[in-house]
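Examining the three-dimensional arrangement
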Amino acid sequence: MAPDALVRLDKVSKAFPGGVVGLDTVDLDIVMGEFLTLLGPSGCGKTTSLRVIAGFESPSSGNVLLEGRDITGLRPFDRPVNTVFQDYALFPHMDVAANVGFGLSLRKLTGAEQAKRVREALDMVGLADKLRARVSELSGGQRQRVALARAIVCEPRVLLLDEPLSALDAHLREQMQVELKRLQSRLGTTFVMVTHDQTEALSISDRIVVMNKGRIEQIAPPAMLYDRPATRFVASFIGTMNLLQSRFLGRDGERLHFAAGDLPLEATSDSGETPAAGDMRTIGVRPEDLLVAGEAGEGTAPARVSGVVFHGRTLRLHAELGQGTPIVIDAPRRADGSQFGVGDVAYVSLRRGANCPMLSS
Ligand SMILES: Nc1ncnc2c1ncn2[C@@H]1O[C@H](COP(=O)(O)OP(=O)(O)O)[C@@H](O)[C@H]1O
Ligand SMILES: [Mg+2]
């Protein structure tokens, strides 16, 4: 166990009636004070993971530990854990103060102490002036803050958030991402958030857990996940990645030389594996790591442009390499306004210093 692990899932599996696999042998250490995000497509087991940590769901096998102590059998209310639910689960006809104070009413606190804690929590989320407002009168963003205040008022060791921003429009969502991160740093509380939105996960998290079909694919900080995806699934789920079937040519120190058809590539291998000459592997290449020129040169391969999409600062070119292999390239817009058009041949090469992972499975 990591020395600073606050929560540990130890080989946790969850099978639902009918044989549906919710979680499959999940091992996870959650570090004290971190902002951890569970990311993956719908149905991959994110909510089930949160429910197992909260105690709303008991594992079919495996254990949940808090600071090394087995809490698998502990009831939800006996765990120092609070949850912000996806639908907020507020009482619409009660006022804001009553909603936030609800969790406190189960504790032995005087009325004055409760009122003070409620005010402090609302202050934290910027709703100090809404104490007496009814929840039904509030906007979506304000309800989100009430749900947050209700969860933090109990001062949990771990705060679980299930798709907390999914009901908000894009602009408010981005603003709340910043606020959520700020709130977490200020409180120093461990946050475990669920999202299916990779941009949200990348912008807010200290570490991201990528899940697929009840299993963990990779756990890493955002930049590491982006630069060094461990599997094809992670590579294709995080950002845009060309997955190019490539032939191994040879090794030169840390650099593995490949060719995707006529296109020379250089890759790195986290596993340290060196393929045999001539072996085929999948190499991940980001669109921004490819260069295009109007003429052939050193290390280029011709590709016919089949589509051009305007992305603001860059143009995204969809093209086909010699063997009909599709490839996506992000090219800067040229100062003179000229650009590649559909049907043109672009000479593609790998940017020097680009970091292309050799992917397993
Ligand atoms: N109470 C339940 N009964 C049966 N199947 C469930 C139950 N809860 C979740 N599942 C199934 O378990 C899998 C994981 O669900 P969930 O953790 O909710 O996914 P996510 O939150 O990642 O979308 C899905 O296939 C889902 O249908
Ligand atoms: Mg869910």
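Since the structure is predicted, the reported quantities are computational estimates derived from the model, not experimental observations.

Attention shifts here to the site of ligand 1. Around ligand 1, the surrounding shell consists of Phe-16, Val-20, Gly-22, Pro-41, Ser-42, Gly-43, Cys-44, Gly-45, Lys-46, Thr-47 and Thr-48. Note that an oxygen atom of ligand 1 is positioned 3.0 Å from one of the backbone N or O atoms of Gly-45. Against a free-state accessible area of 560 Å², the protein chains account for coverage of 61% of ligand 1. Residue contributions to the shell around ligand 1 peak at 3 residues, all from helix 1 (residues 46–54). Across the shell around ligand 1, the residue classes tally to 4 nonpolar, 6 polar and 1 charged.

Quick look at the domain arrangement of the protein chain now. One can read the domain layout of the protein chain as domain 1 (5–236) and domain 2 (240–359). Each of domain 1 and domain 2 has a C-alpha centre, and these two points are 39 Å apart. With 9 residues of domain 1 at the interface, the matching set in domain 2 holds 11 residues. Summed over both sides, the interface of domain 1 with domain 2 buries roughly 930 Å², with 45% coming from carbon and sulfur. On the domain 1 side of the interface with domain 2, the three residues burying the most area are Tyr-226, Arg-228 and Arg-232, jointly 58% of the side's total. Here domain 1 and domain 2 share 0 salt bridges between them. Counting across the interface, domain 1 meets domain 2 through 3 residue pairs in polar contact (both at pLDDT 80 or more). Elements with a contribution of two residues or more to the side of domain 1 that touches domain 2: helix 7 (222–227) and helix 8 (232–237). Residues that form the side of domain 1 that touches domain 2 fall into these classes: 4 nonpolar, 2 polar and 3 charged.

The biggest cluster of nonpolar side chains holds 34 residues, and the ones touching the most others in it are Val-100, Leu-122, Val-125, Leu-148, Leu-159, Leu-161 and Leu-180. Only helix 2 (96–101), helix 3 (111–124), helix 4 (140–152), strand 7 (158–162), helix 5 (170–187) and strand 8 (190–195) provide two or more residues apiece to this core. Ranked by residue count, the leading element in this core is helix 4, at 6 residues. Those residues in contact with Leu-161 that sit more than four places away from it in its chain are Leu-50, Val-84, Leu-148, Leu-180, Phe-191, Val-192, Met-193 and Val-194. Counting 27 residues, the second-largest nonpolar core is a separate cluster that includes Leu-244, Leu-263, Leu-290 and Leu-321.

What counts and how
- Residues numbered from 1 in each chain as written.
- Chains lettered and ligands numbered in written order.
- Predicted model: local features only at pLDDT ≥ 70, side-chain atom pairs only at ≥ 80, totals over all residues.
- Heavy atoms only, no water.
- Near = heavy atom within 4 Å.
- Polar contact = N/O pair within 3.5 Å; in protein donor to acceptor, adjacent residues only side chain to side chain.
- Areas by Shrake-Rupley, 256 points an atom, 1.4 Å probe, with all protein chains shown as cover.
- Helix = DSSP H or I, 4+ residues; strand = E, 2+ residues; numbered from the N terminus.
- Nonpolar A, V, L, I, M, F, W, Y, C, P; charged D, E, K, R; others polar.
- Domains from an automatic or database assignment.
- Contact = heavy atoms within 4.5 Å.
- Buried area = accessible area lost by both parts, 1.4 Å probe.
- Salt bridge = Lys/Arg side-chain N within 4 Å of Asp/Glu carboxyl O.
- Core = buried A, V, L, I, M, F, W, Y, C linked by side-chain atoms within 4.5 Å.
- Buried < 20%, exposed > 50% of the residue type's maximum accessible area, 1.4 Å probe, protein only.

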